[in-house]
Amino acid sequence: LGTGANCIYPLIGVAEYVDFPDWGVKSLRARVDTGARTSALHVENVRLLAGSRVRFDVRLRRDDPSARVTVETKLSRRAPVRSSTGQTEARLFVKAHVKLGGREQQIEVGLVDRRNMLYRMLLGRSALERRFLVDVSRRYALGSAEAKPSKTRPQKPSR
């Protein structure tokens, strides 16, 4: 654990599980990216609604199109964002209550198409700074997801 002015920062890896309690989303795999200023969430079927609201589907897993949650929330802002390829694109942002490890906070999340990406979410440094230390040599330092099946191989019987 790192220490700051009267504060202890939990250690996280380059990938962690994130919950969105208000949306009913648990154990979403997120890539931690200190090079990205803002966070981004893969969504589908984005619809702008009256009263500065937006509705979208959060696809929970790449391998299961039916695993999704529909969310309706207030639009926080629209802003141009430079992607990792260097191109600027218009992006919609919403505020979201997230839980990472034992810490809960409200962050701003860009609604994006990450269908070709391994992780459904990217956690940028504005969600991390003064809250966490990142150990780039680790993944899931806060623990594995409760619902995530173990990927360990079965042990061969000893002779």
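Residues numbered from 1 in each chain as written. Predicted model: local features only at pLDDT ≥ 70, side-chain atom pairs only at ≥ 80, totals over all residues. Heavy atoms only, no water.

Colleague: Lay out empty space enclosed by the protein in plain terms, naming residues and giving numbers.
Modeller: Tallied over the full model, the rule gives 1 cavity of 30 Å³ or more. One number sums up the size of the largest cavity: a volume of about 30 Å³. In terms of lining, the largest cavity is formed by Val 18, Val 98, Leu 100, Gln 105, Leu 123, Ala 127 and Phe 132. Counted by class, the lining of the largest cavity contains 6 nonpolar, 1 polar and no charged residues. (1 Å grid on protein atoms, 1.4 Å probe; cavity = no way out; pocket = protein on both sides within 12 Å on 5 of 7 lines; lining within 4 Å. Points joined across faces, edges and corners; volume = space filled by probe spheres on them. Nonpolar A, V, L, I, M, F, W, Y, C, P; charged D, E, K, R; others polar.)

Colleague: Give a detailed account of the layout of surface pockets, specifying residues and quantitative values.
Modeller: Looking at the largest pocket, its volume works out to about 590 Å³. Elements with a minimum of two residues in the lining of the largest pocket: strand S8 (64-82) and strand S9 (88-100). When its residues are assigned to classes, the lining of the largest pocket shows 8 nonpolar, 6 polar and 8 charged. (Helix = DSSP H or I, 4+ residues; strand = E, 2+ residues; numbered from the N terminus.)

Colleague: Describe in detail the nonpolar core, supporting the description with residues and values.
Modeller: Of all hydrophobic cores here, the largest spans 29 residues; its most connected members are Val 18, Phe 20, Trp 23, Leu 41, Phe 56, Met 121 and Leu 123. Top contributing element to this core by residue count: S9, with 5 residues. In this structure, Trp 23 is in contact with Leu 41, Phe 56, Val 58, Val 69, Val 71, Thr 73, Val 94, Lys 95 and Ala 96, ignoring residues within four places of it in sequence. (Core = buried A, V, L, I, M, F, W, Y, C linked by side-chain atoms within 4.5 Å. Buried < 20%, exposed > 50% of the residue type's maximum accessible area, 1.4 Å probe, protein only. Contact = heavy atoms within 4.5 Å.)

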